[in-house]
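Descriptive structure summary
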Amino acid sequence: LRAGERAMALLAYEEAITEYSRALQALEFRDPPDDAARSRVLVGLGMAQEAVGDLNAARATLDEAVETARRTDSAEIFGDAAFPIPERSATSCRI
């Protein structure tokens, strides 16, 4: 997850897609499944897909993130999945 987040921060979206995909593969081995982590990774992957212009994949991935988040019973995780917002650094918000 952190590698994907770092790649996104560096605007290396293709690398972010690779890293988030690896994270999803690693989560497949969790027993019991970690839906909270899976949802977070799916949101990152969807945002990266959107950034490279793969809008169909992004929509499908973000829809999966929402469905996964619903299973967590966490309003915060569900909100993050349902309304993803790209990370913004403090410097990008200056007026």
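Now for a look at the structure at hand. From a predicted model like this one, the values you see are computed outputs, not experimental measurements.

1. What about the overall build of the chain?
- When you go through the chain residue by residue, the secondary structure sums to 5 helices and 0 strands.
- Reading the secondary structure of the chain in the N-to-C direction produces α-α-α-α-α.
- Each of the 95 residues in the chain was classed as buried or not, and the buried ones make up 34%.
- In the chain, of all internal contacts separated by at least 6 residues, the share reaching a separation of at least 24 is 44%.
- Roughly 6600 Å² of accessible area belongs to the chain as shown, and the carbon and sulfur atoms make up 51% of that amount.

2. Thoughts on helix α1 (residues 2–9)
- Taken together, the buried positions of α1 are G4, A7 and M8. Projection of α1 onto a plane perpendicular to its axis shows the buried side chains occupying an angular sector of 100°, all on one side. Exposed residues pointing more than 90 degrees away from the buried face of α1 are listed as R2, R6 and A9.
- Residues of α1 that are buried make contact with α2 (13–27) and α3 (35–51).
- Following α1 by one or two positions, L11 adopts a phi angle in the positive range, close to 65°.

3. Description of the layout of surface pockets
- Within this model, the second largest pocket holds a volume of roughly 180 Å³.
- Around the second largest pocket, the lining residues are E50, L55, A58, R59, L62, D63, V66, A81, A82 and P84.
- Going through the elements one at a time, α4 (55–70) and α5 (75–82) are the ones with two or more residues in the lining of the second largest pocket.
- Element by element, the count of residues in the lining of the second largest pocket is highest for α4, at 6 residues.
- For the lining of the second largest pocket, the per-class residue count stands at 7 nonpolar, no polar and 3 charged.

Calculation rules
Residues numbered from 1 in each chain as written. Predicted model: local features only at pLDDT ≥ 70, side-chain atom pairs only at ≥ 80, totals over all residues. Heavy atoms only, no water. Helix = DSSP H or I, 4+ residues; strand = E, 2+ residues; numbered from the N terminus. Buried < 20%, exposed > 50% of the residue type's maximum accessible area, 1.4 Å probe, protein only. Contact = heavy atoms within 4.5 Å. Areas by Shrake-Rupley, 256 points an atom, 1.4 Å probe, with all protein chains shown as cover. Arc of directions from axis to C-beta. 1 Å grid on protein atoms, 1.4 Å probe; cavity = no way out; pocket = protein on both sides within 12 Å on 5 of 7 lines; lining within 4 Å. Points joined across faces, edges and corners; volume = space filled by probe spheres on them. Nonpolar A, V, L, I, M, F, W, Y, C, P; charged D, E, K, R; others polar.

Keep in mind these values describe shape, not function.
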